[in-house]
Amino acid sequence: MGSTLPPTRPELVCPAGTPAALKSAVDAGADCVYVGFRDETNARNFPGLNFNRKELGEGIAYAHDKGAKVLVAINTFPRAGTPELWHQAVADAARLKADAVILADIGLIEHAARVHPELRLHLSVQAAASNPAAIAFYAERFGVKRVVLPRVLTVQEIATINARIAPVETEVFVFGGLCVMAEGRCALSSYVTGQSPNMNGVCSPAGEVRYTETHAGVTSELSGFTINKFAPNEPAGYPTLCKGRFIARDKASYLFEEPTSLNTLNILPDLIKAGVTAFKIEGRQRGRAYVAAVVQAFRAGVDAVMAGRPLPDIDLDRITEGGKQTTGAYEKAWR
Amino acid sequence: MTSLTLGPVLFNWKPEALRDFYFRMADCPDLDTIHLGEVVCSKRTPFVEPIIPEVIERLTQAGKEVVLSSLALIMSDRELAQARDLAAADGVLVEANDISVAALMQGRPFVAGPLLNIYNEGTLASLEAMGAIRTCLPAELAADAVASLAAKAKGEIEVQAFGRLPLAISARCYAARARNLTKDGCQYVCADDRDGMAVETLDEVPFLAVNGTQTMSYHHMSLLGELADLASRGVDRFRLWPHHVAMDAVAGLFRAVLDGKLDADEATDRLADLCPGAEFANGYIYGQPGHQYVEADL
Amino acid sequence: MRPGQVRSAAKPATPPFSPVLLLGLALKPMRPQVLQPIFDAMLRMIRRRHPDILERMADYADRPVCIDPTDLPFVILLDPNPEAPALIVRREIDPEEVAATIHGPLATLIALAEGKVDGDALFFSRRLIIEGDTEVVVALRNAIDGAGIDLVEDMSAQLGPFGKAFRGLAGAAIGLADRMQADFETLRAALIAPAVKDVDAQSARIAALEGELKQLRKAARRGGVA
């Protein structure tokens, strides 16, 4: 079984929402950078973010020049009747020599495998392939080489999956914003705002967000629904639906999840032992300062583990949501 | 002739209550197809399993098409083993709610469930090539997308038309979390809320409901006003999600509207009487936020 | 303001006690138009060196934004219309005129523009306050962050032959501001000290501030401008 093999050095897969962030990530030691086009073909279709074709071509040249790879996320679900935008995105990624595309939709994966057989395919976390049978399906049917695992699995479950699916590679999230629902299987955002990650590439979109300052503090709203209220000096979060404060059983609480960031720096050795091929940092929307800080921290962390040195003690508190951190679903007690 | 499907009971009802419910549904002439099986949480499966054979027998005797629905989120080896057993089931149709189950069918006929991500013709064609003879579409899709898919479908197209909508699935249990418990030590508290636990904003506006690891809409979806139009645009079936109400009477209203025997407005009034306290929504089918209610003008 | 938006009922966050605040007091009697040439130069710089900012804002062409440095007695109106972009300094702006307003201390706004701090983190810590249309603010933040602006470098280049002098001057000013900032932190700590009851916490705080001060001085020295 694969689990008995000595661990290989995992790739660090880093986010870039803009060309400047791509350079920051590469310069900070990213092995791979993942990006998206400036439209609804990717799950970070945020205002003012992402790459046009020219920027992607230049970004890929910059990364390749420094020995880094570029992965293009085309991970929303094409609209019925109009798949052209998504097909064009795959064609352009292939033409611009992207090292792989990250896809979620079965129809689009089938299209890419058929029309661009030379293009390396990764399965997006938005496909939520959470078990060996699902992964085997994508690998055997379409030649998918790597699967980004949904953030619902424990480290033990990840190790089991890796042992069963070799040589298919797995990529797991190691830092950043945390979906508490199985990714790609959540319609909370469209229920409230009309726009969802699957269809529009956005969750809790900024255009639906309002902050109201009063003497009692700040109220954050999403499409008119109050998502949270903060006292005057309490740290305020972005009103992502599943990180809001709600009332259930007559009690107000962070029912789904607190405003918090995933941080696995301290369990990197366990994830490496579990046979994970690539470590992914979330946050294409977070900007250069965030990218540089997090990539440096995880570069140092991975290098330390691989060299048998103790983990570096790096404080990432100031860039985490609400100043809080969690190891999320990787530890079973989270459930 | 448009058919009516009764979806699987998504809530944690006591086994006796569940059996009695299905026995009553067996006698409902307006339902063509009835689903059963645990979709939400594998910890509930041991309680549901013992009654399944007798329910299948009773439903089959009553002339219903029976479908066994799979779990929505399959993570552990134990859950995957259950899925393999389900996929190997003889003489009963299976609904895949995780892509692994569709793959495990190995080309034999199955129903593609509403919790798979089937948003476009390419994916629909792939699923049909894998053996899907019927596809229940995701709740988010608007009427134009539904019509576009129905036009290309080889098999049947089903649309969710009544009940709280399943919106998300998680590894974490929010029924347990609301009581400061973890999923491992959950004490099966999700059974306290027969139709889900209401979730309100801090301004006490209800908008979601929790069913263990599943998050649902607070509002009850109702497409009574849109049935005729959707049927004319190629929808073959409508799915009613079971709630703790007179579901046979609910099915009767949908049947009557489909048959043109009852006006949709009148039916909506009667539906409100059958579901005291329920708020209705239909926004998704109009391309609007799902919680909204749009007066029918499709 | 657009329909559905809620106007702030409270004054935005009190500006931090800082050299910028004193500068603000000094600028108060001055007409803000006097500063307009600086913003004209900045806009020319953006059009020449960072046209991608305007391209990224193309979808928000009809949504002007007010940037409010809370420690200065003027605000800046940013009109992102790519046909006729404008950066106009004013004494104040009627909220009806703009889609959104960003309030924050000048130093924070500059650090944000240069991508030196994480916008989300700033907001989480409430050092930035956003009113109105959040979407256009997020777009602006992303557009600016993506441009890789270095205000000193970019403005020096824009000023051509005077660039070298500007660079030296700006560098010295930033060094000075850094040191003044550090001194002000110490002064501020001393001013608020009597209000702090817990003596242990007080001394820990002062120790931390002194540490910060040392760090800042070191950084200023490394920059060669101390």
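Because the structure is predicted, anything quoted here is derived from the model rather than measured.

Draft legend 1. View of the interface of chain B and chain A. In this complex, chain B contributes 65 residues to the contact, which on the side of chain A involves 60 residues. Buried area between chain B and chain A, both sides added, is near 5300 Å², and the carbon and sulfur share of it is 58%. Summed over the three residues of chain B that lose the most area to chain A, namely Met75(B), Arg172(B) and Leu202(B), the buried surface amounts to 13% of that side. The tally of links between chain B and chain A comes to five salt bridges.

Draft legend 2. Local environment of the UniProt feature "binding site: [4Fe-4S] cluster" (unreviewed entry) in chain B. Residue and element names in this part refer to chain B. On the UniProt side, "binding site: [4Fe-4S] cluster" (unreviewed entry) is annotated at positions that read Cys 41, Cys 173, Cys 186 and Cys 190 here. In summary, the annotated positions, though distributed over 150 residues, converge in three dimensions, the widest C-alpha pair being only 11.5 Å. With respect to the helices and strands, Cys 41 occurs in the loop between strand E2 (33-36) and helix H2 (45-48). Taking relative accessible area as the criterion, Cys 41 reaches 12% and is therefore assigned buried. For Cys 41, the residues in contact, after removing those within four places along its chain, are Leu 71 and Lys 183.

Draft legend 3. Just the side chain of Thr193(A), in detail. Tracing the chain through its elements places Thr193(A) in helix H7 (residues 188-193). At 3.0 Å, the side chain of Thr193(A) forms a polar contact with the backbone nitrogen of Gln195(A). Beyond its immediate chain neighbours, meaning those up to four positions away, Thr193(A) contacts Pro205(A), Glu208(A), Leu222(A), Ser223(A) and Pro289(B).

Draft legend 4. Quick peek at the interface of chain A and chain C. Opposite the 41 residues of chain A that make contact, chain C presents 37 residues. Both faces combined, the contact of chain A with chain C buries some 3000 Å², and carbon together with sulfur accounts for 50% of it. Summed over the three residues of chain A that lose the most area to chain C, namely Tyr211(A), Glu213(A) and Arg288(A), the buried surface amounts to 22% of that side. Taken together, chain A and chain C are joined by three salt bridges. A salt bridge links Arg56(C) to Glu55(A), with the nearest nitrogen and oxygen atoms 3.1 Å apart.

Draft legend 5. Looking closely at a negative patch on the surface. A contiguous patch of negative charge on the surface is contributed by Asp263(B), Asp265(B), Asp269(B), Asp273(B) and Glu295(B). Mapped onto the elements, Asp269(B) comes out in helix H11 (residues 264-274).

Draft legend 6. Examining the side chain of Asp52(C) more closely. Position of Asp52(C) among the secondary structure elements: in helix H3 (residues 51-56). This buried residue, Asp52(C), is left without a salt bridge; Arg56(C) holds the nearest opposite charge, at 4.7 Å. Beyond its immediate sequence surroundings of up to four residues, Asp52(C) is in contact with Glu55(A), Gly146(C) and Ala147(C).

Draft legend 7. Structural detail: the packing of helix H1 (residues 19-27) of chain A against helix H10 (residues 288-306) of chain A. Residue and element names in this part refer to chain A. Relative to each other, H1 and H10 sit at 15°, their axes nearing to 9 Å. Relative to H10, H1 is oriented roughly parallel. In the packing of H1 onto H10, the handedness of the crossing is right-handed. Where H1 abuts H10, its residues Ala 20, Ala 21, Ser 24 and Ala 25 lie against Arg 288, Val 291 and Val 295. Its residues placed into classes, the contact of H1 with H10 shows five nonpolar, one polar and one charged.

Draft legend 8. Summary view of the pairing of strand E3 (residues 65-69) of chain B. Residues and elements named next belong to chain B. In terms of burial, E3 is a largely internal element, four of the five residues being buried. Both E3 and strand E4 (residues 93-96) contribute to a ladder of three bridges, which runs parallel. The partner of Ser 69 across the bridge, within E4, is Glu 95. Regarding topology, helix H4 (residues 77-87) serves as the crossover connection from E3 to the parallel E4, and that connection is right-handed.

Draft legend 9. Just the nonpolar core, in detail. Core analysis: the largest hydrophobic core is formed by 224 residues, its most contacted members being Tyr138(A), Phe298(A) and Leu127(B). In this structure, this core is formed jointly by two domains, domain 1 (2-178 + 260-334) and domain 2 (188-253) of chain A, each of which donates at least three residues. Setting aside chain neighbours within four positions, we find Phe298(A) in contact with Leu12(A), Val174(A), Phe175(A), Asn263(A), Thr264(A), Leu265(A), Leu268(A), Ile281(A) and Leu316(A). The next biggest cluster of nonpolar side chains, apart from the first, holds 37 residues, and it includes Val20(C), Ala41(C), Ile46(C) and Ile76(C).

Procedures and definitions
- Residues numbered from 1 in each chain as written.
- Chains lettered and ligands numbered in written order.
- Predicted model: local features only at pLDDT ≥ 70, side-chain atom pairs only at ≥ 80, totals over all residues.
- Heavy atoms only, no water.
- Contact = heavy atoms within 4.5 Å.
- Buried area = accessible area lost by both parts, 1.4 Å probe.
- Salt bridge = Lys/Arg side-chain N within 4 Å of Asp/Glu carboxyl O.
- UniProt positions renumbered as here; feature names shortened; annotations may be inferred.
- Helix = DSSP H or I, 4+ residues; strand = E, 2+ residues; numbered from the N terminus.
- Buried < 20%, exposed > 50% of the residue type's maximum accessible area, 1.4 Å probe, protein only.
- Polar contact = N/O pair within 3.5 Å; in protein donor to acceptor, adjacent residues only side chain to side chain.
- Patch = residues over 30% accessible without salt bridge, like charges linked within 9 Å, V, L, I, M, F, W, Y side chains within 5 Å.
- Areas by Shrake-Rupley, 256 points an atom, 1.4 Å probe, with all protein chains shown as cover.
- Lys, Arg positive; Asp, Glu negative; His and termini not counted.
- Charge placed at Lys NZ, Arg CZ, Asp CG, Glu CD.
- Axes fitted to C-alpha atoms, helices over the stretch in contact; angles between N-to-C directions.
- Parallel < 35°, antiparallel > 145°, perpendicular 65-115°, else oblique.
- Left-handed = near helix turned anticlockwise from the far one by under 90°.
- Nonpolar A, V, L, I, M, F, W, Y, C, P; charged D, E, K, R; others polar.
- Pairing = 2+ DSSP bridges.
- Right-handed = clockwise from strand over helix to strand, strands pointing away.
- Core = buried A, V, L, I, M, F, W, Y, C linked by side-chain atoms within 4.5 Å.
- Domains from an automatic or database assignment.

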